[in-house]
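The residues making up each chain are set out below.
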Amino acid sequence: MKYFLDTNICIYFLKGTYEAIKEKLSKRKPQEIKISTVVLAELLFGAKNSQRVKDNLQKVKSFLNPYQMIP
(Lines give C-alpha, C1' and ligand atoms only; values in the text may rest on other atoms or scores of the structure.)
Protein backbone atom coordinates (compact mmCIF):
# COMPACT_ATOMS: atom_id res chain seq x y z
CA MET A 1 0.00 0.00 0.00
CA LYS A 2 1.23 3.50 -0.83
CA TYR A 3 0.80 6.52 1.42
CA PHE A 4 0.87 10.16 0.31
CA LEU A 5 1.70 12.49 3.17
CA ASP A 6 0.13 15.92 3.24
CA THR A 7 1.85 19.04 4.51
CA ASN A 8 0.18 18.97 7.91
CA ILE A 9 1.27 15.41 8.65
CA CYS A 10 4.84 16.29 7.68
CA ILE A 11 4.79 19.35 9.94
CA TYR A 12 3.33 17.35 12.83
CA PHE A 13 6.14 14.82 12.38
CA LEU A 14 8.84 17.49 12.20
CA LYS A 15 7.52 19.27 15.30
CA GLY A 16 6.87 16.03 17.19
CA THR A 17 3.27 17.08 17.77
CA TYR A 18 1.78 13.59 17.68
CA GLU A 19 3.81 10.56 18.71
CA ALA A 20 1.40 8.30 16.79
CA ILE A 21 2.53 9.80 13.48
CA LYS A 22 6.15 8.97 14.23
CA GLU A 23 5.17 5.43 15.20
CA LYS A 24 3.08 4.86 12.06
CA LEU A 25 5.76 6.20 9.74
CA SER A 26 8.44 4.09 11.41
CA LYS A 27 6.37 0.95 10.68
CA ARG A 28 6.30 1.68 6.93
CA LYS A 29 9.03 1.09 4.40
CA PRO A 30 10.28 4.31 2.79
CA GLN A 31 9.16 2.93 -0.61
CA GLU A 32 5.56 2.96 0.65
CA ILE A 33 5.57 6.67 1.42
CA LYS A 34 5.30 9.32 -1.27
CA ILE A 35 5.51 13.09 -1.09
CA SER A 36 4.04 15.38 -3.71
CA THR A 37 6.12 18.24 -5.04
CA VAL A 38 3.39 20.60 -3.77
CA VAL A 39 4.03 19.38 -0.21
CA LEU A 40 7.77 19.75 -0.81
CA ALA A 41 7.28 23.35 -1.94
CA GLU A 42 5.08 24.17 1.05
CA LEU A 43 7.59 22.71 3.51
CA LEU A 44 10.50 24.56 1.91
CA PHE A 45 8.51 27.80 1.85
CA GLY A 46 7.73 27.44 5.54
CA ALA A 47 11.33 26.63 6.44
CA LYS A 48 12.69 29.56 4.41
CA ASN A 49 10.28 31.95 6.10
CA SER A 50 10.93 30.69 9.62
CA GLN A 51 13.11 32.22 12.31
CA ARG A 52 15.59 29.31 12.16
CA VAL A 53 15.98 28.95 8.40
CA LYS A 54 19.13 26.83 8.34
CA ASP A 55 17.96 24.41 11.04
CA ASN A 56 14.50 24.00 9.58
CA LEU A 57 15.75 23.49 6.02
CA GLN A 58 18.05 20.75 7.32
CA LYS A 59 15.18 19.11 9.21
CA VAL A 60 12.96 19.14 6.13
CA LYS A 61 15.66 17.75 3.86
CA SER A 62 16.58 14.99 6.32
CA PHE A 63 12.94 14.03 6.78
CA LEU A 64 12.19 13.93 3.05
CA ASN A 65 15.41 12.20 1.98
CA PRO A 66 14.18 8.56 2.06
CA TYR A 67 10.88 9.29 0.30
CA GLN A 68 10.07 9.50 -3.39
CA MET A 69 8.85 12.85 -4.73
CA ILE A 70 5.86 12.68 -7.05
CA PRO A 71 5.02 15.56 -9.41
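Here is a short report on the structure shown in this document. In this text, all values refer to a predicted model and were calculated from it rather than measured experimentally.

### Here we look at helix H3 (residues 37-48)
Each full turn of the α-helix corresponds to 3.6 residues, which orients residues three or four apart in the same direction.
Then, number 1: Taking 1.5 Å of rise per residue, the 12 residues of H3 would be expected to cover 16 Å, and the 16 Å separating its terminal C-alpha atoms lies within 8% of that figure.
Then, number 2: Turning to H3, its buried residues number three or more, namely Val-39, Leu-43 and Ala-47. Looking straight down H3, one finds its buried side chains confined to an arc of 70 degrees; they lie on one side. Every exposed residue of H3 that faces more than 90 degrees away from the buried side is listed here: Val-38, Phe-45 and Lys-48.

### A short note on the pairing of strand E2 (residues 33-36)
Then, number 1: Bridge count between strand E1 (residues 3-5) and E2: 3 bridges; the pairing is parallel. Paired with Tyr-3 across the two strands is Ile-33, which belongs to E2.
Then, number 2: Where E2 meets strand E3 (residues 68-70), 3 bridges bridge the pair, whose relative direction is parallel. When the sheet's bridge partners are listed, Ile-35 is paired in E3 with Met-69.

### Let's talk about the packing of aromatic side chains
Each aromatic ring pair is characterised by the separation of its centres together with the angle its planes make.
Then, number 1: Taken as a whole and judged by the stated rule, the model has 3 aromatic pairs.
Then, number 2: Ring plane angle 85 degrees and centroid distance 5.0 Å describe the contact between Tyr-12 and Tyr-18, whose orientation is recorded as edge-to-face.
Then, number 3: Owing to a relative accessible area of 29%, Tyr-12 belongs among the partly exposed residues under this scheme.
Then, number 4: Relative to Tyr-67, the ring of Phe-63 lies with its centre 5.6 Å away and its plane at 70 degrees, an arrangement referred to as edge-to-face.
Then, number 5: The class for Tyr-67 is buried, based on a relative accessible area of 14%.
Then, number 6: Linked through ring pairs, Phe-13, Phe-63 and Tyr-67 together constitute an aromatic cluster.

### What to know about the sheet that holds E3
Then, number 1: If you trace the 3 strands from one edge of the open sheet to the other, you get E1-E2-E3, paired in parallel fashion. On the outer flanks of this sheet lie E1 and E3, each paired with one strand and no other. Averaged over neighbouring strand pairs, the angle between their axes works out to 40 degrees when direction is ignored.
Then, number 2: Along the sheet face, H3 touches E1, E2 and E3 and points at about 70 degrees away from the line of E2.

Parameters at a glance
- Residues numbered from 1 in each chain as written.
- Predicted model: local features only at pLDDT ≥ 70, side-chain atom pairs only at ≥ 80, totals over all residues.
- Heavy atoms only, no water.
- Helix = DSSP H or I, 4+ residues; strand = E, 2+ residues; numbered from the N terminus.
- Expected span 1.5 Å × (residues − 1).
- Buried < 20%, exposed > 50% of the residue type's maximum accessible area, 1.4 Å probe, protein only.
- Arc of directions from axis to C-beta.
- Pairing = 2+ DSSP bridges.
- Phe/Tyr/Trp six-rings, centres within 6.5 Å; stacked < 30°, edge-to-face > 60°.
- Axes fitted to C-alpha atoms, helices over the stretch in contact; angles between N-to-C directions.
- Contact = heavy atoms within 4.5 Å.

Without other data, these values stay purely geometric and don't point to any function.
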